[in-house]
Amino acid sequence: MLRYLAGRLLRAVLTIFLVVTFAFFVLHLSGDPAMMILSADAPPESIKAFREAWGLDRPLWVQYAAYIVHALQGDLGNSMRDGRPAMQLVLERVPATLAITVPAFALKLLIGIPAGIYAALHRNSLADRLTMMVSVAGFTVPSFVLALVLVLVFSVQLGWLPSAGSDQSTSAILPIVTLGVAGAAILARFTRSAMLEVLGQPYIRAASAKGLQWRKVVVEHALPNAAIPTTTIVGFMVGTLIAGAVVVESVFAWPGIGRLLVSAVSNRDLAVVQAILLLVAATMVTANIVVDIAYGWLDPRLRRGGKSDR
Amino acid sequence: MGESGCGKSVTWLAALGLLGSRARIGGEVRLEGRDLVGAPVAELERVRGRRIAMIFQDPSSSLNPVHRIGRQLGEALRLHRGLDGTAAEAEARRLLDRVHIADAQRRLGDYPHELSGGMNQRVMIAMALAGQPDLLVADEPTTALDATVQAQILELLGEIRRDSGMALVLISHDLGVVAENTDRVCVMYAGRVVEDAPIDTVFEAPAHPYTRGLLAALPELDGPRRVLTPIAGVVPDPWNLPTGCSFAPRCDRRIEACESAPPMPTEKAADHRVACIRA
């Protein structure tokens, strides 16, 4: 188990390193921060001075080596816009993002999983068809469209909730609902098909033949098996907690990581973009490791180092 | 007995109400005078496992892959015998011993994928015994197993039947298995029982043309080599059955009347029923 974990961690570090490297070259080759931050008609001397100050005049590989060396020491550079450490700038935004993504995640689980289970248990019934219709609508409508519809209804028409910003206690509701609905829709479909697959298995019929009540067959035999594939998608959703709200944060002017990312990219504020990508990669990779460990816990067939004598 | 798709398993699944809520079931299934068809679910649940237990074709996928053997056995023991904790564990161990699984204590902690197919079928049998049923329905219990294991499982079922007095329904397409392990046989064709008699009668004096056809298609161990006689034609699709006798299109003794209505089983001799107007 320890060796397995060590291997996974090594791969995780490698993944993060690749993400950082890739992002570094794409960002440095795709635009000039001096032009973006100082504007294109700034005097040539200021642009030159800016480049020298940020080391942008050095060869790319030198910049890259310097970046990696500093990053390994925990220094991800400073924002070119306000000069503060990039990571600090990013971490300041984390609570705001989590304030909408975590409740949205809970909403996805609380609606998506029960809806999927219910639909599977009542396959082809009216309730199943309605659930699946709503679900298809939920994940085919882009989140910005849903966001605008919600604003139109709850802010413009009814006037119940603020349409943007973060200054009121109710400001988070629409962003949370927007994020939650799409995720719940995906999760409902996924849970339904996982459940249907399991309900068709011989051990479900065998459990009924044993005399178990249907409720117990579902709870004790079907659900633990259906949880295995569902974990994949839930794990993926955990991975998007940090950066899964870019569009929604932009629509609702929510001061989280997503909006910081959008402005940092358009300004070519390299250190900030890099810091965000590093954080996103780290969350994704961590979520993946957690999913792998959960698999082993849920499915004895995947446990390593178990007994294998037949 | 009957070929794949003739309705052997479905008949028993229907009897126990295991076909799901969308299946429509006609006729009647009598257990001590009570009709199980249309009986409330709670009543069926009391019958399943306790009065009539069932084991299935593919033992490895009939056990839940995420629960240990001990837990699955314990579940049946709690349900049917009200046993819990150490009493349940001791009884589970005894049941595994009973089906000749060595090192029962350790096996209780194993998962189904850690056991062979034959072992899993033994576990299924042990689980069926947990309810001390009056009747065990074994649905092709050896089809998924290799020949030596097959013999051991049939041997075990016979032994349990002799020792406990439990009745056994053996669903099979294998004439040899049926001949060696049963007292009485119902031959099924296209969803109906076409012949029902003691095993010796069926093998010595088969009356239905289908049964005769099956026996004629068997090679003999001794005696001269001969060309086997197959039954001409194929089984009709269940959604496209002939109006009369389902076997009529393949039958060499067919007359016009065969095509008018499905023949009802009639007593041809004492304890020998045949559904054929020509028998």
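Note that the structure is a prediction, hence the values are computed from the model and not measured.

## Brief notes about the overall build of chain B
Line of reasoning, step 1. Summing up its helical and strand segments, chain B has 11 helices and nine strands in all.
Line of reasoning, step 2. Considered along the principal axes of its C-alpha atoms, chain B spans approximately 65 × 50 × 35 Å.
Line of reasoning, step 3. Sequence separation of 24 or more characterises 57% of the internal contacts of chain B that already satisfy a separation of 6 or more.

## Observations concerning the interface of chain A and chain B
A common way to state how big an interface is: give the accessible area lost once the parts meet.
Line of reasoning, step 1. Across the boundary between the two partners, chain A contributes 21 residues, which contact 24 residues of chain B.
Line of reasoning, step 2. Broken down by element, the side of chain A that touches chain B gets its largest block of residues, seven residues, from helix 9 (residues 202–209) of chain A.
Line of reasoning, step 3. Across the side of chain A that touches chain B, the residue classes tally to nine nonpolar, six polar and six charged.

## Observations concerning the sheet that holds strand 9 (residues 272–274) of chain B
Residue and element names in this part refer to chain B.
Line of reasoning, step 1. Read from one edge to the other, the open sheet built from four strands follows the order 6-7-9-8, with strand pairing classed as antiparallel. The two strands at the open ends of the sheet, each matched to only one other strand, are strand 6 (184–189) and strand 8 (266–269). Strand-to-strand, the axes of this sheet are offset by a mean angle of 30°, without reference to chain direction.
Line of reasoning, step 2. Of the pairings in the sheet, the one linking strand 6 to strand 7 (residues 192–198) comprises six bridges and is antiparallel in character. Residue pairing across strands places Tyr 189 opposite Arg 192, the latter belonging to strand 7.

## Observations concerning the sheet that holds strand 3 (residues 52–55) of chain B
All names here are of chain B.
Line of reasoning, step 1. Strand order in the open sheet formed by three strands is 3-4-5, with parallel pairing between adjacent strands. Lying at the two open borders of the sheet, with one neighbouring strand each, are strand 3 and strand 5 (167–171). Going across the sheet, the axis of each strand differs from the next one's by a mean of 15°, ignoring polarity.
Line of reasoning, step 2. Bridging between strand 4 (residues 135–139) and strand 5 involves five bridges; their strand directions are parallel. Each bridged residue has a counterpart across the sheet, and for Ala 138 the counterpart in strand 5 is Leu 170.

## Looking at the packing of helix 5 (residues 86–121) of chain A against helix 6 (residues 126–140) of chain A
Residue and element names in this part refer to chain A.
Line of reasoning, step 1. Axis separation between helix 5 and helix 6 bottoms out at 8 Å; the angle between their running directions is 140°. In this view, helix 5 runs oblique relative to helix 6, as classed from their interaxial angle. Relative to helix 6, the crossing made by helix 5 is left-handed. Contact residues: helix 5 offers Ala 115, Tyr 118 and Ala 119, while helix 6 offers Ala 127, Asp 128, Thr 131 and Met 132.
Line of reasoning, step 2. Classifying every residue of the contact of helix 5 with helix 6 gives five nonpolar, one polar and one charged.

## Brief notes about the domain arrangement of chain B
Residue and element names in this part refer to chain B.
Line of reasoning, step 1. Looking at the assigned domains, one finds that chain B contains domain 1 (8–182) and domain 2 (187–274).
Line of reasoning, step 2. Between the C-alpha centres of domain 1 and domain 2 there is a distance of 30 Å.
Line of reasoning, step 3. Contacts between the two partners involve four residues from domain 1 and, on the opposite side, five residues from domain 2.

## Some points on the nonpolar core
Line of reasoning, step 1. Val90(A), Val272(A), Ala275(A), Ile276(A), Ala126(B) and Val187(B) are the most contacted members of the largest nonpolar core, which has 136 residues in total.
Line of reasoning, step 2. The greatest single-element share of this core, amounting to 14 residues, is contributed by helix 8 (residues 173–199) of chain A.
Line of reasoning, step 3. Residue contacts for Ala126(B): discarding those within four places in its chain leaves Leu73(B), Leu95(B), Leu96(B), Arg98(B) and Val99(B).

## Some details on helix 5 (residues 85–98) of chain B
Residues and elements named next belong to chain B.
Line of reasoning, step 1. Helix length check: helix 5, at 14 residues, gives a terminal C-alpha distance of 20 Å against a target of 20 Å (1.5 Å per residue), a fit within 8%.
Line of reasoning, step 2. Along helix 5, the residues classified as buried are Ala 88, Ala 92, Leu 95 and Leu 96. Summarising the axial view, the buried residues of helix 5 lie within an arc of 100°, below the 170-degree limit, and thus occupy one face. Turned more than 90 degrees away from the buried face of helix 5, the exposed residues are Thr 86, Ala 90 and Arg 94.
Line of reasoning, step 3. Where helix 5 is buried, its residues meet helix 4 (69–81), helix 6 (104–107) and helix 7 (117–130).
Line of reasoning, step 4. Positive backbone phi, approximately 60°, marks His 100, located one or two places after helix 5.

## Concerning the domain arrangement of chain A
Residue and element names in this part refer to chain A.
Line of reasoning, step 1. Here the domain parsing of chain A yields domain 1 (2–72) and domain 2 (87–302).
Line of reasoning, step 2. Look at where the C-alpha atoms of domain 1 and domain 2 centre, and you get two points 32 Å apart.
Line of reasoning, step 3. At the interface, 15 residues of domain 1 touch 12 residues of domain 2.
Line of reasoning, step 4. Elements that contribute at least two residues to the side of domain 1 that touches domain 2 include exactly helix 1 (2–29) and helix 2 (33–38).

## As for helix 9 of chain A
Line of reasoning, step 1. Within helix 9 of chain A, seven of the eight residues are buried, which leaves it mostly tucked inside the rest of the structure.
Line of reasoning, step 2. Tyr203(A), Ile204(A), Arg205(A), Ala206(A), Ala207(A), Ser208(A) and Ala209(A) are the residues of helix 9 of chain A that are buried.
Line of reasoning, step 3. Here the buried face of helix 9 of chain A lies against helix 8 and helix 10 (214–239) of chain A together with strand 3 and helix 3 (59–62) of chain B.
Line of reasoning, step 4. Residue Gly211(A) follows helix 9 of chain A closely and has a positive phi angle near 105°.

## Some remarks on the packing of helix 1 of chain A against helix 13 (residues 270–298) of chain A
All names here are of chain A.
Line of reasoning, step 1. Packing of helix 1 against helix 13 brings their axes to within 9 Å, and their N-to-C directions diverge by 155°. Between helix 1 and helix 13, the interaxial angle falls into the category roughly antiparallel. Two packed elements cross with a definite hand, and for helix 1 against helix 13 that hand is right-handed. On helix 13, the residues touching Arg 8, Ala 12, Thr 15, Ile 16, Val 19, Val 20, Ala 23, Phe 24, Leu 27 and His 28 of helix 1 are Leu 270, Val 273, Gln 274, Leu 277, Leu 278, Ala 281, Ala 282, Val 285, Ile 289 and Asp 292.

## As for the environment of Ala190(B)
Residues and elements named next belong to chain B.
Line of reasoning, step 1. Relative to the elements of secondary structure, Ala 190 occurs in the loop between strand 6 and strand 7.
Line of reasoning, step 2. Considered as a pair, Ala 190 and Cys 251 are 61 residues apart in the sequence and their alpha carbons are 14 Å apart.
Line of reasoning, step 3. Residues contacting Ala 190, with those up to four places away along its chain left out, are Cys 6, Val 235, Pro 236, Leu 241 and Ser 246.

## Re the pairing of strand 6 of chain B
Line of reasoning, step 1. Taken across its six residues, strand 6 of chain B has five buried, putting it largely inside the fold.
Line of reasoning, step 2. Where strand 6 of chain B folds back on strand 7 of chain B, the antiparallel hairpin that results is connected by two residues, among which Ala190(B) adopts a positive phi of roughly 45°.

## Some details on unusual backbone geometry
Trans is the common state for peptide bonds, and a negative phi is the common state for residues other than glycine.
Residue and element names in this part refer to chain B.
Line of reasoning, step 1. Phi at Glu 32 takes a positive value of approximately 50°, unusual for a residue other than glycine.
Line of reasoning, step 2. In this structure, Glu 32 sits in the loop between strand 1 (30–31) and strand 2 (34–35).
Line of reasoning, step 3. One non-glycine residue, His 100, adopts positive backbone phi at about 60°.
Line of reasoning, step 4. Here His 100 lies in the loop between helix 5 and helix 6.
Line of reasoning, step 5. Exposure remark for His 100: the 15 C-beta atoms within 10 Å place this residue in the partly exposed category.

Parameters at a glance
Residues numbered from 1 in each chain as written. Chains lettered and ligands numbered in written order. Predicted model: local features only at pLDDT ≥ 70, side-chain atom pairs only at ≥ 80, totals over all residues. Helix = DSSP H or I, 4+ residues; strand = E, 2+ residues; numbered from the N terminus. Contact = placed C-beta atoms within 7 Å. Nonpolar A, V, L, I, M, F, W, Y, C, P; charged D, E, K, R; others polar. Pairing = 2+ DSSP bridges. Axes fitted to C-alpha atoms, helices over the stretch in contact; angles between N-to-C directions. Parallel < 35°, antiparallel > 145°, perpendicular 65-115°, else oblique. Left-handed = near helix turned anticlockwise from the far one by under 90°. Domains from an automatic or database assignment. Core = buried A, V, L, I, M, F, W, Y, C linked by C-beta atoms within 7 Å. Buried ≥ 20, exposed ≤ 12 C-beta atoms within 10 Å, placed from the backbone. Expected span 1.5 Å × (residues − 1). Arc of directions from axis to C-beta.

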